[in-house]
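A look at the structure
Take a look at the letters that make up each chain.
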Amino acid sequence: MTATYGQAVEVPWASALADYRCFGCSPHNPHGLQLTFLTHPDGLESRFCLDRTFESYPGVVHGGVISTVCDETMGNLIVLQEGRSAFTVGLRLRFLSPLAIGQQYRCVAKLRADGDLYHGSCEVVDDAGVLLVTATGMYQPVDMERAREHMHLTDQESESLRRSLSQSTQQNGA
Amino acid sequence: MPALTRDEILPTVTEIVAKVFGLPTQELSPELDLRQIEGVDSVKVLRAVATIEQRYDIELEDEDVFKLKSIDDLATVIEKTL
């Protein structure tokens, strides 16, 4: 990603796929997290504040949902920076402190190549910058043909996604 | 990159642990039982571990993490993992 900080960045899915419903980042899924992303000098940032829909114990954000936030931020960093889709093949988190419902948090993801895979890492901090969660993920990139097969894309959707990914790389690539 | 030696790891780990625990480094000897320090609990130890994992870009095994007692133990598992 570019070295700017805090600029809104669009993931390519929304413009490429009319029926895009990602639980993590689609604005069209009323049951999802509807995460949005910002540029960050280290990679990609997501700011989030979750309501009781995503509750675990009373007042506490569900750990599985936090995992999704981390996975989404690392995964979309690959998409935006490298211009390719990737599937998560491993994910590990350390939960240092519970996250509260209704509080604002930031998730910042970084990325490095690791052989044929990508190694993502990210941290979730509160408004004061206190570290609450760390996560690492391994991602297997997929070429457009395999992506098309897995995602059941039409010819038109496949071409639209290819264009959109290419534009993302031009705008955000290293 | 050549693997770091134990002597190179210890000062960094001591510094991170001191910062997480809010203590001066001089109060932390390598053999000190971390959970016996007043105000330190398993969550603080885990916070130090997470910071160390970020610092060295490594993932320590949970079974190692929950067994370790001292900075010396931390240096051992880091050395093993690097």
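A brief report on the enclosed structure follows. Nothing here was measured: the structure is a model prediction, and the numbers come from that model. (Residues numbered from 1 in each chain as written. Chains lettered and ligands numbered in written order. Predicted model: local features only at pLDDT ≥ 70, side-chain atom pairs only at ≥ 80, totals over all residues. Heavy atoms only, no water.)

**Here we look at the sheet that holds strand β1 (residues 8-9) of chain A**
Think of a sheet as strands paired side by side through backbone hydrogen bonds, with each pair either parallel or antiparallel. The cut-off we apply is this: Each pair of strands is called paired provided DSSP finds at least two bridges between the two strands. The helix count covers DSSP runs of H or I at least four residues long, the strand count covers runs of E at least two residues long, and both are numbered beginning at the N terminus. Should any heavy atoms of two residues lie within 4.5 Å, those residues are counted as being in contact. Axes, fitted as lines to C-alpha atoms, cover a helix only where it is in contact. Angles between the N-to-C directions of the axes lie from 0 to 180 degrees.
With antiparallel pairing, seven strands are arranged side by side in an open sheet as β1-β2-β3-β5-β6-β7-β4 (chain A). Two strands in the sheet have a free side with no partner beyond their single neighbour: β1 and β4 (85-95) of chain A. Pairing analysis gives five bridges linking strand β3 (residues 43-48) of chain A to strand β5 (residues 105-114) of chain A, with the strands arranged antiparallel. Across the sheet, L44 of chain A pairs through a bridge with A109 of chain A, a residue of β5 of chain A. Along the sheet, helix α2 (residues 42-56) of chain B contacts β4, β6 (117-126) and β7 (131-142) of chain A; its crossing angle with β4 of chain A, the most-contacted strand, is approximately 145°.

**Let's talk about helix α4 (residues 71-81) of chain B**
All names here are of chain B. Threshold: Only protein chains enter the area calculation, which uses a 1.4 Å probe; residues under 20% of their type maximum are buried, those over 50% are exposed, and those in between are partly exposed. The arc under discussion is defined with respect to the helix axis, by the directions toward the C-beta atoms.
Turning to α4, its buried residues are I71, L74, A75, V77 and I78. Seen from one end, α4 has its buried residues packed into an arc of 170°, which puts them on one side. On its buried face, α4 is in contact with α1 (6-21), α2 and α3 (62-65).

**What about the interface of chain A and chain B?**
The line we're drawing: When two components associate, each loses some accessible surface as probed by a 1.4 Å sphere; the sum of these losses over both components is called the buried area. For salt bridges, the criterion is a side-chain nitrogen of Lys or Arg within 4 Å of an Asp or Glu carboxyl oxygen.
Facing the twelve residues of chain A at the interface are 13 residues of chain B. The junction of chain A with chain B conceals about 1,000 Å² of combined surface from both sides, 39% of it contributed by carbon and sulfur atoms. When residues of chain A are sorted by the area they lose upon contact with chain B, R92, R94 and L96 of chain A head the list and together hold 55% of the total. Its salt-bridge partner being R92 of chain A, residue E53 of chain B comes within 2.9 Å of it at the nearest N-O pair.

**Description of the nonpolar core**
What counts, and what does not: Here, nonpolar core means buried Ala, Val, Leu, Ile, Met, Phe, Trp, Tyr and Cys residues that are tied together by side-chain atoms lying within 4.5 Å of each other.
With 44 residues, the main nonpolar core has W13, F48, C70, L99, V124 and V133 of chain A as its most contacted residues. Looking at this core, the elements that each hand over two or more residues are α1 (13-16), β3, α2 (63-82), β5, β6, β7, α3 (144-151) and α4 (155-172) of chain A. When residues in this core are grouped by element, the largest group, nine residues, is from α2 of chain A. Excluding its chain neighbours within four sequence positions, the residues that come into contact with W13 of chain A are Y20, C25, N76, V79, S85, M151 and L161 of chain A. Ranked by size, the runner-up nonpolar core spans 30 residues in total, among them I9, V13, A18 and L28 of chain B.

**Quick look at the pattern of salt bridges**
If you walk through the whole model with that rule in mind, you get 15 salt bridges over all chains. D114 of chain A serves as the salt-bridge partner of R112 of chain A, at 3.8 Å between the closest nitrogen and oxygen.

**Considerations on α1 of chain B**
All names here are of chain B. This is how the line gets drawn: In this scheme, a helix's expected span is set at 1.5 Å multiplied by one less than its residue total.
Given a rise of 1.5 Å per residue, 16 residues ought to cover 22 Å, and the 22 Å separating the end C-alpha atoms of α1 matches this to within 8%. Considered for burial, the residues of α1 that qualify are I9, L10, T12, V13, T14, I16, V17, A18 and F21. At its buried positions, α1 is contacted by α2 and α4. A positive phi of about 70° marks G22, the residue just after α1.

**With respect to unusual backbone geometry**
You will see that H152 of chain A, though not glycine, has its phi angle at about 55°, which is positive. Its location among the elements puts H152 of chain A in the loop between α3 and α4. For H152 of chain A, a relative accessible area of 68% puts it in the exposed group. Within the chain, D57 of chain B stands out as a residue other than glycine whose phi angle is a positive 55°. Among the structural elements, D57 of chain B can be located in the loop between α2 and α3.

**Considerations on the packing of aromatic side chains**
Residues and elements named next belong to chain A. Let me state the cut-off plainly: Stacked, tilted and edge-to-face are the three classes assigned to paired rings of Phe, Tyr and Trp, where Trp is represented by its six-membered ring and a pair needs centres within 6.5 Å; plane angles under 30 degrees give stacked, over 60 edge-to-face, the rest tilted.
Counted according to the given criterion, the structure contains two aromatic pairs over all chains. Measuring from ring centre to ring centre gives 6.4 Å for F23 and F54, while their planes differ by 75°; the resulting arrangement is edge-to-face. Of this pair, F23 sits in the loop between α1 and β2 (37-40) while F54 is found in the loop between β3 and α2, placing the two residues 31 residues apart along the sequence. The class of F54 is buried, set by a relative accessible area of 9%. Summarising the aromatic geometry, the rings of F48 and Y105 are spaced 5.9 Å apart at their centres and angled 40° between planes, so their arrangement reads as tilted.

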